Amino acid sequence: MILPKSNRLTSLQLAEITAIVTEFGCKIQPIIGAVRTIYAIVGDERDELMINRLEGLDYIERIDRIQSPFKLMDKRSDLASHRIKMGGVTLGEELLVIAGACTIDPKNPNYFYETAAAVKEAGAHVLRGGVWKPRTNPYTFQGDVKSMDILMEASRRTGLPVDTEVMEEAHVKLALDAGVHSLQIGARNALNYSLLRAVGRAIAERDVAVLLKRGMHMGPISEFISAAEYIVAFGNPNIILCPRGTAPTLDGYRNHPDESITPLLKEKTWAPVVVDPSHSVGKALYVPACALAAVAYGADGLCIEAHVDPSHGIGDDPKQALLPELLAETIAQCKQLWAMRRGSLAGK
Ligand code: PEP
Ligand code: MN
C-alpha cells in the first residue's frame, strides 16, 4: 500500500509509480477516500528493489506491505504444520528444556559430565555446552575444539541430544561431523548472513535443528524472522527462535529481558520459540523468575545455563548458571505453568 505525502498523486506521479510496479509484474489500484487517496499494489509486492524504488520517490510518505517478506517462515506458509522434535519432545506439545554449561572446560571434563547427568536428572531434554565461545574480551578463553569430544561423550553417557554454538563455517562442519544435534547461532551472529546461509546449506539434508538467538541489537521482529528465513530457505525447516535479551537498558540485568516478544512472534511465524532466561538477566538469582515469565508469555521451551559447581565453571557459569537443584525446581514450576496456560488460556 502506497501512502503519498499529499492527499492524492498527480497524474504524472501516478504514471511514474505505475511504470515502476509494472516492471515487477504488479498493478496499481487507487483507493479513493473522502480526503485522501492511497494506492494498493496488486500482485506480489515482496520484491525489495521495487519497494526501494518507490520509497525513494520524494512524494511518497511510506509503503505498508501486506505480504510478509519471509514467505517460508510466515504463519500462512505451508510449513506452518511442520513440527520439530528434539530429545523426545515435539515442540508445542510439551515444554522443551535445553540445559547445561555455558562453556565446557576442556581441562576439567568431569564438571561437564557431572553437569550433563544432573541436568538430565533435573528434567532437561537437550544438553547444551559451549565448545567455541564468542567473548567480548579478546583475551578471555575463546573455547577449544577439544571440548567437542567431551560434549559428544556426555551425549553418549546421558543419551541426550546436544546443542552447541557455531561461529564460522569451519565450526559448522566440525560440529556436524561430530554428530551435534542442534547448532546454535549466537546473538552476535544473528545477522551474519553468510553464516546463516552456510548453516542452512550444511543442514539442508540432515536431521539437525538450529537454535537462532535474537541479536543483542536486533531491530523489528521481521528482522529476526527474516534471519531465520535465510536458513530455512535451503530446505530444512527445523528452526527454533531464541530470544535472549537485547542491549541492556536497566542497571541490574545483563541484557534487557525480551521474553514478552513471544506472542508477537507467534502472530507472524509458525516457528517455535525457546527463550534463554540465563543471558536475558545474567544472574542465577533472577533466572527462575525470567523462565516463568517466558512460559507465561507462551514460550515453547527454555534454554537455561546450569552447572554442578558454578564457582568453578568458566565463561558465564560462575555468575548465571543454576545449581541442579534450582534447575529442577524451575523446570517443575515452568512445566506446571505451561500446563496451566495450555489448559485455561491456550487459544484465547
Ligand atoms: C551462550 O549461549 O552461551 C551465548 C554466548 O549466547 P548468546 O549468543 O545469547 O550471547
Ligand atoms: Mn553463556
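Residues numbered from 1 in each chain as written. Chains lettered and ligands numbered in written order. Predicted model: local features only at pLDDT ≥ 70, side-chain atom pairs only at ≥ 80, totals over all residues. Heavy atoms only, no water.

**Section: the sheet that holds strand 12 (residues 239-242)**
Sheet strands pair by backbone hydrogen bonding; their relative direction is either parallel or antiparallel.
Here is step 1: Taken together, the 8 strands give an open sheet; going across it, the order is 12-11-10-9-8-7-14-13, and neighbouring strands pair in parallel fashion. Lying at the two open borders of the sheet, with one neighbouring strand each, are strand 12 and strand 13 (274-275).
Here is step 2: When strand 10 (residues 182-185) meets strand 11 (residues 209-213), the two strands line up parallel, connected through 4 bridges. The partner of Ser182 across the bridge, within strand 11, is Ala209. (Pairing = 2+ DSSP bridges. Helix = DSSP H or I, 4+ residues; strand = E, 2+ residues; numbered from the N terminus.)

**A look at the pattern of salt bridges**
Here is step 1: The full count for this structure, using the stated rule, is 15 salt bridges.
Here is step 2: Note that Arg62 and Asp64 form a salt bridge whose closest N and O atoms lie 2.9 Å from each other.
Here is step 3: The partner of Asp300 in a salt bridge is Lys266, with the nearest N and O atoms 2.7 Å apart. Taken together, the residues span a long stretch of sequence, with Asp300 in the loop between helix 10 (287-296) and strand 14 (301-305) and Lys266 in helix 8 (residues 262-268) at a distance of 34 residues.
Here is step 4: Look at Asp300 and you get buried, because its relative accessible area is 9%. (Salt bridge = Lys/Arg side-chain N within 4 Å of Asp/Glu carboxyl O. Buried < 20%, exposed > 50% of the residue type's maximum accessible area, 1.4 Å probe, protein only.)

**Let's talk about the site of ligand 1**
Here is step 1: Taken together, 13 residues surround ligand 1, and among them Arg128, Lys133, Ala187, Lys213 and Arg244 come closest.
Here is step 2: Lys213 has a polar side-chain atom sitting 2.8 Å from an oxygen atom of ligand 1.
Here is step 3: A distance of 3.2 Å separates an oxygen atom of ligand 1 from a polar atom in the side chain of His279.
Here is step 4: When isolated, ligand 1 has an accessible area of 300 Å², and the protein chains bury 99% of it.
Here is step 5: Within the shell around ligand 1, the residues separate by chemical class into 3 nonpolar, 3 polar and 7 charged. (Near = heavy atom within 4 Å. Polar contact = N/O pair within 3.5 Å; in protein donor to acceptor, adjacent residues only side chain to side chain. Areas by Shrake-Rupley, 256 points an atom, 1.4 Å probe, with all protein chains shown as cover. Nonpolar A, V, L, I, M, F, W, Y, C, P; charged D, E, K, R; others polar.)

**Observations concerning the packing of aromatic side chains**
Here is step 1: What the rule picks out here adds up to 2 aromatic pairs.
Here is step 2: A ring pair is formed by Tyr253 and Tyr286, whose centres lie 5.2 Å apart and whose planes are at 80°; its orientation type is edge-to-face. Here the residue Tyr253 occupies a position in the loop between strand 12 and helix 8, and Tyr286 occupies one in the loop between helix 9 (277-281) and helix 10, the gap between them amounting to 33 residues.
Here is step 3: One residue, Arg157, lies across the ring of Tyr113, its end atom 3.8 Å from the ring centre. (Phe/Tyr/Trp six-rings, centres within 6.5 Å; stacked < 30°, edge-to-face > 60°. Lys NZ or Arg CZ within 6 Å of the ring centre and 35° of its normal.)

**Description of helix 10**
Here is step 1: Where helix 10 is concerned, the buried positions are Val287, Pro288, Cys290, Ala291, Ala294 and Val295. Looking straight down helix 10, one finds that the buried residues subtend no more than 165° of arc, so they occupy a single side.
Here is step 2: Just past helix 10, the residue Gly298 takes up positive phi, approximately 105°. (Arc of directions from axis to C-beta.)

**Concerning the packing of helix 5 (residues 169-178) against helix 6 (residues 193-203)**
When two helices pack together, you describe them by how their axes are tilted relative to each other and by the distance separating the axes.
Here is step 1: At a minimum axis distance of 9 Å, the contact between helix 5 and helix 6 shows a crossing angle of 25°. If you check the angle between helix 5 and helix 6, you find them roughly parallel. Crossing hand, helix 5 versus helix 6: right-handed. Contacts between helix 5 and helix 6 involve Glu169, Val172 and Leu176 on the former and, on the latter, Leu195, Ala198, Val199, Arg201, Ala202 and Ile203.
Here is step 2: Residue composition of the contact of helix 5 with helix 6, by class: 7 nonpolar, no polar and 2 charged. (Axes fitted to C-alpha atoms, helices over the stretch in contact; angles between N-to-C directions. Parallel < 35°, antiparallel > 145°, perpendicular 65-115°, else oblique. Left-handed = near helix turned anticlockwise from the far one by under 90°. Contact = heavy atoms within 4.5 Å.)

All we've got here are geometric facts, nothing functional implied.
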